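# Structural overview
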Amino acid sequence: MKRNLILSACLTAGALATVSAARAQGPEELLLFSRQNFGLATARTAGMGGAFTSLGADGASMSLNPAGMAMYSRSELALSPGLRISAQEADYRTPNGNLDKHLNRVKANIGNFSMVYAGNNFAIGFGMNRLADFNGRSRAISFDDRTALGEGFSIGDMFVEQLYGIPASTIGAPEKDIYKAFYDYPPALWGAIMGYQAGLFDPVAGTGGDGQPPQQYTTRGMIQEGTLLFPEWYRRTAGAINEYTISGGYNFKDIFYIGATLGIQDIYYSRVDTYSEITSANNVGLLSTYYNQAYDLSGVGVNLKVGATVRPVPWLRIGVAYHSPTWIGMTDEYAADMTVNYTHSIGGYDYGFSDTPIQRQEYRMRTPSRLMAGVSATIGTVGIVSVDYERTWYQHMKYTSDDYRDINTGIGETYGPTDAIRAGVEFQPARSLFLRAGYGYSTSVYRDDAYASFGEYQQISGGIGFRNRSVSVDLAYVYGKANGMPYKPFDYTSEDGYRVATEGTIYTKERYHNVILTMAFRF
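Residues numbered from 1 in each chain as written. Predicted model: local features only at pLDDT ≥ 70, side-chain atom pairs only at ≥ 80, totals over all residues. Heavy atoms only, no water.

### Quick word on empty space enclosed by the protein
- Enumeration over the complete set of coordinates arrives at 4 cavities of 30 Å³ or more.
- The computed volume of the second largest cavity comes to approximately 70 Å³.
- If you go around the second largest cavity, you meet 13 residues; those closest to its centre are D58, G59, E76, T518 and A520.
- The set of elements that each furnish at least two residues to the lining of the second largest cavity consists of β1 (76–93), β22 (471–483) and β25 (505–522).
- Taken together, the residues of the lining of the second largest cavity sort by class into 4 nonpolar, 5 polar and 4 charged. (1 Å grid on protein atoms, 1.4 Å probe; cavity = no way out; pocket = protein on both sides within 12 Å on 5 of 7 lines; lining within 4 Å. Points joined across faces, edges and corners; volume = space filled by probe spheres on them. Helix = DSSP H or I, 4+ residues; strand = E, 2+ residues; numbered from the N terminus. Nonpolar A, V, L, I, M, F, W, Y, C, P; charged D, E, K, R; others polar.)

### Description of the pattern of salt bridges
- Counted by the stated rule, this structure contains 18 salt bridges.
- One salt bridge in this structure joins D133 and R84, with 3.4 Å as the shortest N-O distance. Note that D133 is positioned in strand β4 (residues 122–133) and R84 in strand β1, a separation of 49 residues in sequence.
- With relative accessibility at 6%, the residue R84 sits in the buried group.
- A salt bridge links E390 to R370, with the nearest nitrogen and oxygen atoms 3.2 Å apart. (Salt bridge = Lys/Arg side-chain N within 4 Å of Asp/Glu carboxyl O. Buried < 20%, exposed > 50% of the residue type's maximum accessible area, 1.4 Å probe, protein only.)

### Looking at the packing of aromatic side chains
- In total, this model carries 25 aromatic pairs according to the counting rule given.
- Relative to Y334, the ring of Y295 has its centre 5.1 Å away and its plane inclined at 50 degrees; by these criteria the two rings are tilted. Highlighted residues: Y295 in strand β11 (residues 286–313) and Y334 in strand β13 (residues 327–346), separated in sequence by 39 residues. In this pair, the class of Y295 matches that of Y334, namely buried.
- What links up through ring pairs into an aromatic cluster is the set Y179, F182, W190, Y295 and Y334.
- It is R271 that lies over the ring of Y295; its NZ or CZ is 4.3 Å from the centre. (Phe/Tyr/Trp six-rings, centres within 6.5 Å; stacked < 30°, edge-to-face > 60°. Lys NZ or Arg CZ within 6 Å of the ring centre and 35° of its normal.)

### Side note on the side chain of R436
- By the secondary structure assignment, R436 is in strand β20 (residues 433–442).
- Side-chain polar atoms of R436 contact the side chain of D474, separated by 3.0 Å.
- In contact with R436, other than residues within four places in its own chain, are R44, G47, M48, V425, E426, S461, G462, G463, I464, G465, R467 and D474. (Polar contact = N/O pair within 3.5 Å; in protein donor to acceptor, adjacent residues only side chain to side chain. Contact = heavy atoms within 4.5 Å.)

### Re helix α6 (residues 405–414)
- Every buried residue of α6 is listed here: I407, N408, G410, I411 and T414. Along α6, the residues classed as buried sweep out an arc of 160 degrees about the axis, all on the same side. Residues of α6 that are exposed and point over 90 degrees away from its buried face: R405, D406 and E413.
- Buried residues along α6 sit against α1 (27–34) and β18 (398–399). (Arc of directions from axis to C-beta.)

### Quick notes on the layout of surface pockets
- The volume enclosed by the largest pocket comes to roughly 1,000 Å³.
- Secondary structure elements with two or more residues in the lining of the largest pocket: β12 (316–323), β16 (370–379), β17 (383–393) and β19 (417–430).
- When residues in the lining of the largest pocket are grouped by element, the largest group, 3 residues, is from β16.
- Of the residues belonging to the lining of the largest pocket, the class tally is 15 nonpolar, 13 polar and 10 charged.

### Some remarks on the pairing of β4
- Buried residues dominate β4, accounting for 9 of its 12 residues.
- Alignment of β4 against strand β9 (residues 228–252), held across 11 bridges, turns out to be antiparallel. Looking across to β9, one finds that G125 is bridged to S247. (Pairing = 2+ DSSP bridges.)

### Some remarks on the nonpolar core
- Counting 76 residues, the largest nonpolar core has F33, F159 and I171 as the members making the most contacts within it.
- Leave out the neighbours within four places in its chain, and I171 touches L163, I166, A181, Y185, I193, Y196, Q197 and Y217. (Core = buried A, V, L, I, M, F, W, Y, C linked by side-chain atoms within 4.5 Å.)

### Describing unusual backbone geometry
- Look at K253: it is not a glycine, yet its phi comes out positive at around 55 degrees.
- Structurally, K253 is set in the loop between β9 and β10 (256–279).
- For K253, a relative accessible area of 78% corresponds to the exposed category.
- In the Ramachandran plot, D403 falls in the positive-phi region, its phi being about 70 degrees despite a non-glycine side chain.
- Checked against the element boundaries, D403 lands in the loop between β18 and α6.
- In this structure D403 comes out as exposed when scored by relative accessible area, which is 73%.

### What about the pairing of β13?
- The pairing of β11 with β13 spans 16 bridges and is antiparallel. Each residue of the ladder has a partner; that of N292, found in β13, is D337.

### Regarding the confidence of the model for the protein chain
- Mean pLDDT for the protein chain: 89, with 91% of residues reaching 70 or above.
- In this model residues 1–22 is a low-confidence stretch, pLDDT under 50, and it forms 72 contacts with partners more than four residues away in sequence or in other chains. (pLDDT = per-residue confidence, 0-100.)

### Points about the side chain of T274
- As for its position among the elements, T274 is in strand β10.
- Within the structure, T274 has its side chain in polar contact with the side chain of N292 (distance 2.7 Å).
- The residues contacting T274, other than those within four sequence positions of it, are E232, W233, Y234, Y291 and N292.

### Observations concerning the environment of V160
- With respect to the helices and strands, V160 occurs in helix α3 (residues 155–162).
- For V160, a relative accessible area of 11% corresponds to the buried category.
- Here the alpha-carbon distance between V160 and N483, two residues 323 residues apart in the chain, equals 33 Å.
- Once residues within four sequence positions are removed from consideration, V160 is found in contact with F201, Y217, T218 and T219.

Pasting the structure below:
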């Protein structure tokens, strides 16, 4: 019986994440860095739902439609601090039941700062816009029944399958070189190696020697039939995408506006995944297992944005913008550790521990391009109505480094183009006072209709502002929601078709609350 030693993380839309994939780069990671929200940088833009493609004279224009730079009539210095609350609900659905967990995370940030110099018919500026925020956490808890029929797998059962045929003598931790096994075997086996070193399972006697069957392992000595397993999955994420911009725009007689932006993206993302199992009181051997995996990714990307806006009549503006792909150089680090607690002393120890060396990788990626169009109308002195449309070609994002052909093929088969609609209104009930509201919706990135509800995104917003010739203070609130792609904490299928996986699947609901304050001074 030959076993497959390489575990794939996520190849198609139907693939589910697994705790055993040490390789951080995959389709979902590239998607994470490609989905960006241009409506959260400044309070005015956010309050109007991000529908700002045909509007301008706002710091967000640098990353949205640089033609809006040409609409500045005075130089400006602006700053937009904000507060983000991520509220995530994780549902661990199993045949035996589940326990929903709601976790919040509050994080202050700077959504935008900008400096603009405005001439008679042009403007140039430098700024920063936050295009994505990765701060959040989620937890899911359930239980599996390990019956005599073999149902209710432990993660140790997956490790046993992964190590089939690998001699136990090669995966120990020799005193003079405790990381030797991790350098000798691929990262996809690191979880299984830690499980063996920490005592989660044992080698089967009579296997692996000369003239004997291939090496086998078993969890029978640590987990008995009839034991209840209580699995828990915890994830904590942090980081953001901040885009630093150098922009310029030119105004042709207040009728035609053009602009361009050079964008430099600073990307940071960290994730800590903890999978744990606790056994019921009747078990002898294993008390609990804690498996921690830490990912740190950082990179720098470069892109170009160009745009134009026309005002055929004083009350109407029509804008278009094109965003090139962002070419990113990325570095990631991965490390993991495992603690196995025993119900009684084994070999003089109450627990076993193992950890991995730090794995570092460098690679290049390319995000998709975007095309935006917007129309806005000024209603006398009462207010503005604005509508935007955005098309993004996610099937064209790819890893540009070598050895990613299979992943890139999976990207083209899994993801498709998305259509986003944003609409906003600004109402002026009194001099210098403005009220705003907005809405945004994006279709799913997944080609398969069965996963459409997991790729959609919606947001609603509102805001208020005070503006005069020299100073403006704007406040906005944005609520966004999306359903995360479902995944199993572990899922492994050997080459002969034998599958070891959790009975349950985790479904997450992501909810975000953003409060943005923008202060601007014109001179």
